[in-house]
Structures are given as structure tokens and as C-alpha cells.
Amino acid sequence: MSTLNPAQKKAVEHQNGPLLVLAGAGSGKTRVITQRIARLLERGVPPSAIVALTFTNKAAGEMAERVHGILGAKGSAKRKGGPRGSAGLTICTFHSFGLGVLTRERKQAGSAFTIFDQGDCLGVVKEALRSIDAGKKFDASAVLARISNAKNAFTKPSEFAVREGDLYDEITKEVFPKYESALRTFSAVDFDDLVCEVARIWTDRADVLARWQDRYRYILVDEYQDTNRAQLTLLRLLAEAHKNICVVGDDDQAIYGWRGADVRNILEFEDHFPGADVVKLEDNYRSCKAIIDVANAVIAKRLDSRHQKVLRTSREGEEKITVLVAPTPDIEAEHVAQQIRRRIKDDHVRPRNIAVLYRSNGQAKVIEEALRSEGIGYRLVGGQQFFERKEVKDLLAYLKLAMNRHDEISLRRIVNYPARGVGEASVERLALHALAKGWTMWQAIERVDALDDVSGSAREGCRELEKIVGELRKKILIDGTQASIAARWLADRIGLKTELDANSGSPQIAAKRWANVEALFQTFSRREAREISGQEANRESALETFLNALTLDFSENEEEAKDLVTLSTLHGAKGLEFEIVYLIGCEEGLLPHSRTLDTKTTDVAPQDLEEERRLFYVGVTRAKDRLTLSRCKARGVRGKAVLRTPSRFLSDIPEERVTEVEVTGAPQMAPGELAASANALLAALDALE
DNA sequence: TGCTGCTCAGTTTTT
DNA sequence: CTGAGCAGCA
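It should be emphasised that the depicted structure is a prediction, and the values quoted were computed from it without experimental measurement. (Residues numbered from 1 in each chain as written. Chains lettered and ligands numbered in written order. Predicted model: local features only at pLDDT ≥ 70, side-chain atom pairs only at ≥ 80, totals over all residues. Heavy atoms only, no water.)

## Some remarks on the protein's contact with DNA strand B
In the vicinity of DNA strand B lie 28 residues, with Arg359, Asn361, Gly423, Thr569 and Arg595 positioned nearest. The sugar-phosphate backbone supplies 50% of the atoms of DNA strand B found within 4 Å of the protein. Within the backbone of Asn361, a nitrogen or oxygen atom sits 2.6 Å from a phosphate oxygen of DNA strand B. Take His571: an N or O atom from its side chain is 3.4 Å from a base oxygen of DNA strand B. Among the residues making up the surface near DNA strand B, the classes are represented as 7 nonpolar, 14 polar and 7 charged. (Near = heavy atom within 4 Å. Polar contact = N/O pair within 3.5 Å; in protein donor to acceptor, adjacent residues only side chain to side chain. Nonpolar A, V, L, I, M, F, W, Y, C, P; charged D, E, K, R; others polar.)

## So, the pairing of strand β12 (residues 565–569)
In terms of burial, β12 is largely enclosed, as 5 of its 5 residues are buried. Residues Val565, Leu567 and Thr569 of β12 are buried on one face, and the alternating residues Thr566 and Ser568, pointing to the opposite face, are buried as well. For strand β10 (residues 354–358) and β12, the ladder comprises 4 bridges, and the chain directions are parallel. Within β12, the residue paired with Leu357 across the bridge is Ser568. In the sheet, strand β11 (residues 378–380) pairs with β12 via 3 bridges, with the strands oriented parallel. (Buried < 20%, exposed > 50% of the residue type's maximum accessible area, 1.4 Å probe, protein only. Helix = DSSP H or I, 4+ residues; strand = E, 2+ residues; numbered from the N terminus. Pairing = 2+ DSSP bridges.)

## Some thoughts on helix α14 (residues 329–345)
Three or four residues apart is the spacing at which side chains of an α-helix point the same way, because the helix has 3.6 residues per turn. Look at α14: 24 Å from first C-alpha to last across 17 residues, which is about the 24 Å you get at 1.5 Å a residue. Buried within α14 we find Pro329, Ile331, Glu332, Ala333, Glu334, His335, Val336, Ala337, Ile340 and Ile344. (Expected span 1.5 Å × (residues − 1).)

## Description of the environment of Gly382
With respect to the helices and strands, Gly382 occurs in the loop between β11 and α16 (390–403). For Gly382, a relative accessible area of 43% translates into the label partly exposed. Spatially, the C-alpha atoms of Gly382 and Arg217 are 36 Å apart, while their sequence positions differ by 165 residues.

## Structural notes on unusual backbone geometry
Cis geometry is found at the peptide bond from Tyr417 to Pro418, where omega equals -10 degrees. Inspection of the secondary structure assignment puts Pro418 in the loop between α17 (408–414) and α18 (424–437). The phi dihedral of Glu223 is positive, around 50 degrees, even though this residue is not glycine. Here Glu223 shows up in the loop between β6 (218–221) and α10 (229–239). Of note in the backbone geometry, Lys243 takes a positive phi value of approximately 65 degrees without being a glycine. Lys243 sits in the partly exposed class, given a relative accessible area of 44%.

## Section: the sheet that holds strand β17 (residues 658–662)
In any sheet, the strands associate via hydrogen bonds between backbone groups, in a parallel or an antiparallel arrangement. Strands sit in the order β11-β12-β10-β13-β14-β9-β17 across an open sheet of 7 strands; the sheet is parallel. Two strands lie at the open edges of the sheet, namely β11 and β17, each paired on one side alone. Neighbouring strand axes in the sheet, compared pairwise and without regard to direction, differ in orientation by 20 degrees on average. Contacts from helix α15 (residues 364–373) reach β10, β11 and β12 within the one sheet, and its direction differs from that of β11 by about 160 degrees. (Axes fitted to C-alpha atoms, helices over the stretch in contact; angles between N-to-C directions. Contact = heavy atoms within 4.5 Å.)

## A closer look at the environment of Arg259
Among the structural elements, Arg259 can be located in the loop between β7 (245–249) and α11 (264–267). Residue classification places Arg259 among the partly exposed positions, given a relative accessible area of 48%. Note: C-alpha distance between Arg259 and Asn149 (110 residues apart in sequence) is 8.2 Å.

## A word on the packing of aromatic side chains
With the rule as written, the count across this model stands at 14 aromatic pairs. Residues Phe97 and Trp202 carry aromatic rings whose centres are separated by 6.4 Å and whose planes lie at 70 degrees to one another, so their mutual orientation is edge-to-face. With a gap of 105 residues between them, Phe97 in helix α4 (residues 94–109) and Trp202 in helix α8 (residues 191–204) connect regions that are remote in the sequence. The class for Trp202 is buried, based on a relative accessible area of 1%. Put simply, the rings of Phe97, Trp202, Trp212 and Tyr216 pair up and form one aromatic cluster. Cation over ring: Arg259 sits above Tyr256, and NZ or CZ is 3.9 Å from the ring centre. (Phe/Tyr/Trp six-rings, centres within 6.5 Å; stacked < 30°, edge-to-face > 60°. Lys NZ or Arg CZ within 6 Å of the ring centre and 35° of its normal.)

## With respect to the sheet that holds strand β3 (residues 90–93)
Across the sheet, which stays open at both edges, the 6 strands sit in the order β3-β2-β6-β7-β1-β8 with parallel pairing between neighbours. Among the strands making up the open sheet, the edge pair consists of β3 and β8 (277–281). Across the sheet, the axes of successive neighbouring strands diverge by a mean angle of 15 degrees, strand direction being ignored. Sheet analysis places strand β1 (residues 19–23) next to β8, joined by 5 bridges and oriented parallel. When the sheet's bridge partners are listed, Val21 is paired in β8 with Val279. Across the sheet, α10 touches β2 (50–54), β6 and β7, and the angle it forms with β6 is around 160 degrees.

## Description of the nonpolar core
Ranked by size, the top nonpolar core spans 51 residues in total, and within it Leu395, Leu396, Leu430, Leu465, Leu496 and Phe524 carry the most contacts. Take this core: its biggest share by element is 9 residues, from α16. Here Phe524 is in contact with Leu396, Leu399, Ala483, Ser484, Ala487, Phe546 and Leu550, once residues within four sequence places are set aside. By size, the runner-up hydrophobic cluster in this structure holds 42 residues, among which are Val189, Val195, Leu209 and Ile266. (Core = buried A, V, L, I, M, F, W, Y, C linked by side-chain atoms within 4.5 Å.)

## Quick word on the side chain of His335
Topologically, His335 is positioned in helix α14. Apart from residues no more than four positions distant in its own chain, His335 is found in contact with Leu324, Val663 and Thr664.

What follows is the structure, encoded as C-alpha cells:
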């Protein structure tokens, strides 16, 4: 598709006023956004007046790259109308956009801040729960989720409404104000603040808002169906003056409702932005006919309000998709792995063009084992995130603390790591002193000699910590040492490698952890190379900016170039495409997930069965050429073998598009106890039939 | 202070 | 059945 189709063209050519682009799966959405940006520039809109917002760093990176590609090609071919290029464009995530605004606005007010990631915030909630003696009675992450929801709806702690008899609401009502004031004392903001605070400043300060409106006259938003209320507010404020806002999304692919995304944003766009033009992209360039038929059939059954879309494709291909029925998950995995091997070996499909998708991460394990035994290389999307790893967070905590000594969460994290005699009891004593005297915890450490009830060893440890942090500050602020160098020095100074070697259990694990630390150094070096610094007024804000940016974008060395089979959750697969897709575990209780059928008290939002349908739809529409939906007749659930019902979504698929294949287990495989009991169950079932 | 053994829960997750 | 997180002990 080298030329734009009429709908795409309309979206690209539209210049002023609000525009909603309803982009069906595989309809060339990114292409429309990037071409539109190029077109705006071509018409003489200065790059600095354009902002394109995404949800992930990856999406922002890809978009920037593609815009650059178009412009680079065009620019060099016919270089006439003045400076025209992607330089100066703002293409970033909502959060880093918010960080930019906040940094600029706060700098004028002269205050620095640290960004707390989810783990840090969870620490704040846990501490608050402990302080009101409710530590183990409540799930801190459930409370944090409610706080986050409230913040995104601009609810102040004092306005938080408790639903009658909801224990989690009651505890959240108590924790919320403590959480907010803790963040303030720590000079910290959470991810939500990066969006909410901007919206708040803009609401309160017409002059500030006017400045930003003046700067950004063209707004583009990707994956609009995933925006939450705070993001909508931010966009409405920014677009208020010029009304040039173009959003692109697909309500059929709204799968983040549980995270606060409000699909009504895309459904009611025309109410929020009156006079909006609407363009529907329904031509699918990705999948062949059978897959599109299946996708359309599944999504047509949506019960909730939606923008009506029917995908079309001109791609022929396989007549049918496959539904694979296996007795148990091991056998399901075994067959999927064998088929993948055949596709690679016999049909010469590149591993990178194959994916196995599933509803929950736990399902990956059996697939991994099966792929390993077939000798097939794979890469796991998601899983434990790099920045969640302890050794990485520990090292970062030192740096964050050195830059912001109000950051008590980072302080608590490393005060006794590696062990230096400052135990839990001592920390509590220090915290108590700080509270009584109105000091920060760091001040309590600095002034430990004035405190009489702190043990000698703890005192010693505090002095040591103070010294390390002091030296670190000096290196960075006075000597101007680069972060990568300072981090290496620090790891050495605290004996991190020795610590990891001693406490990792095995040399292999120790090596892996140290490799993570090395990867952190790499990340630092890469960023230093990329960012020609010197823009910051001083070194302190340079490193602070650096660390904040790192908190928002902690991408590891990209391994995407490797030719490996992809294993991913359905959520993780959004936006990706593969020639061959296996969607495993198409069973009631898994897809749709049981927790959407039976909502827990800790859940923030009632889970929506329709969202599971959309998730299934997202899975189906990832496939270009071949799709296999698989399910098991029985599986172990919490140690017990349970018979499984096929997913309700399977029955929405037109029969004439399906080949059902029932497979059996390989008898030479030693059956585990669970497999045995599952087999017994299946035998009993057969007897009944 | 650190480890072992017990209990409990068990989706999706980016920023 | 597993893994995480905490309590109790050495």
C-alpha cells in the first residue's frame, strides 16, 4: 500500500478543527498519523507547534522514527521551502509530556522533584497503612489502585467518596491524605501526578495555559481509546484555543478499562470536541479473509455501545482458521511447539513472524518448556520488568537519594543495604525522632550523634551512609562526574558485586544480577551519548532530569532484532502483528477470565465481560496469515484437575471458517500426577458420553 | 539480623 | 501446585 486509500487520505488532509479517526485493527493507523504530521509540516506548520502523544515509549519511538523516515526522504529529494524536518517535533508519551511541562513550570517556582514509580508508591501506601495499624489487614496495591483512580478523576483526598459498607473505600479514605502529604514531604510525584498536576495547573492558571496553547497548535493522540479522564482534561485544556486535535483509536480494542482508561472518551469525542469530523478506517491491510471474518463475527457480538465498524480485506489466503482441542495444557503446549517447529523447519517461516498469545502470564510456563524441548528460541514480552529488579532499584535509590534527600522511600530502601548495622528497630527510632523534631529522615541520619537511643553499630552505619551519599553528591555536583561513571564508582564503593555474590544463592543467579547492574551502566552510557547535555542550568537538575526520564523510560537493550518466536499476553501484543498466531487457553475462566465473571472486593472497577471479548478480538487480529485457537478439555487449577468449558467466544465464530482438530497426548511422556488425574477425569467423561 | 517454614492467594500493566 | 510475603526462631 504505497498510496493512501480515500479514508486515510481524508484523515491526512484534514487540517483544522477536531478530528476523530476510528482506525480498525490493521488499517494503517500509524501511517495516517505520521503522514498527517508530514503533511502539516509541508503546509508550513512549524514542527515546534506539533505534539503527538502516545502511551508507550516504544510507540513514541516508532512514530518519531517513521516521521523522520518520511521527512528524511522528502527533505533530501526536494529541498526548497526552508528548514523542514522532524527536529523540533514533540512526539512522546503523555507522562513524559507531563514531566516536561511540570519541570518547566516548577522550575520557575524553584522546586525539584523525584518521580516515584509504582513500587515506590506502594511503599508509601504500606507505610501509611502501618501508621494507622492496618498494615496486614489490607492489600496495599488495592488501596493504591483506588487512590490512583481517584486522582485521575481529580478527586481531592477530602472529597473521596466512600461507598457505603466498602471496607477498601473506608481505608482508602484514611490513607489517601497521608499518601498525598507523604509525597509532598518527599518532594516526589507519582505517575498520575504527571498528568493530573499539569491539568490542575492549566485549570488554575489561565496565563500558563495560554502559553502552552500558543506553543502547541496541533495535537495528535494515538490509542485514544486508552485515555483516562485526567488525560482527556489535559487535552481539552490544551486544545481549547485552537481546536486542532486529531485523535486516533479503536473502541473495539479498548482493553485497559481496569487501569482507568475510559472508553467513553472515544465514544463521546464528538460531544467533548464539538464540530468534529469523523473518519473510519475499515480497510485492513494485515490479515487474510478467514481471519477478518472471524474477527468481525466476534466483535459484532459486542453488547455495549460502539462505533460500528466492519473490517474489509482483499488479502486471500487460508480458507479457515484452526481450533485445536487438547486434553491438557502440557499436550496443548507440546502440539503448539511441534507445529511451530514444522513451520520454521519445513515452511521456512522466520521465528520472529510467529507468536503464542495467552490471557495471563502464568500460561507461558508450559509453552516455554515445550519450546525449549523442541529447541526453539523465544522471547518473552513483559514478565518481570528490568526496572523492578532489586539490584537495579537499589543502585538507583542511592542516586535518587543523593539528588533528593527528602526521598525517604529511597533512603529506607538502602539505609541498610548492603547491611551496615542499621536494623529495622534503628530505622524506626530514627523515623520517630524525625517525626518528633520535624526533621526529614535524612536529617535524622545526619544528626544521629545527637540521638541517645540509637545503638553504636547503627550510629556507625548512619555515618557510613552519610559519607557515601556525600561523596556521591560531590562527584556529581562538584566534579561533574557522568552518571554512568558515578554509578560504577558507587557499585564499587558499596561492594555491590561482593554483596550479590554472597547473597544470591547460586553463582549463576549472582552473575545474572550483576549483569543487570551492568545493563544499568549501559543504559546510562547510552543516554549520555544520546543527550548532548549542557542544556540544563546546573548539574543537579541535569542528573535529576536524567533520573526522572529514566524512571519513565527504562528500556533495556532492544533485542527485537533477534529472530525469535514471541510469547506474549494479549495485552502485551496490542499493536504487534505476526504471520502465524497461536492463541492458547480459549476456555471459560481463562478467556474470559474468571475474575471478570466474579469481581473481588479489592477490585477498583467492576470488570467488564465485553473487555474480554475485545481482548479476544485483539488476539485474533494480530494474525496475518494463519490463526490457531487452542483450548484444553481439562487443566490443573490450584492443584486440582478441572474439566474446562470452551470459551464462549469460540461459539461466535462462523463454523465454515473453522477446522477443528482434536489432538491426543504422546504416550511416551511420563505423566505427572496432575496429568494423570486429568486423564482420569477425561476417562470418566468419556464413560459418561 | 538472617533464614526457614508456613500461609495465602492466584489477571491484564505502562508510565 | 507454585510463589510471595511474613512470623518465629537461631
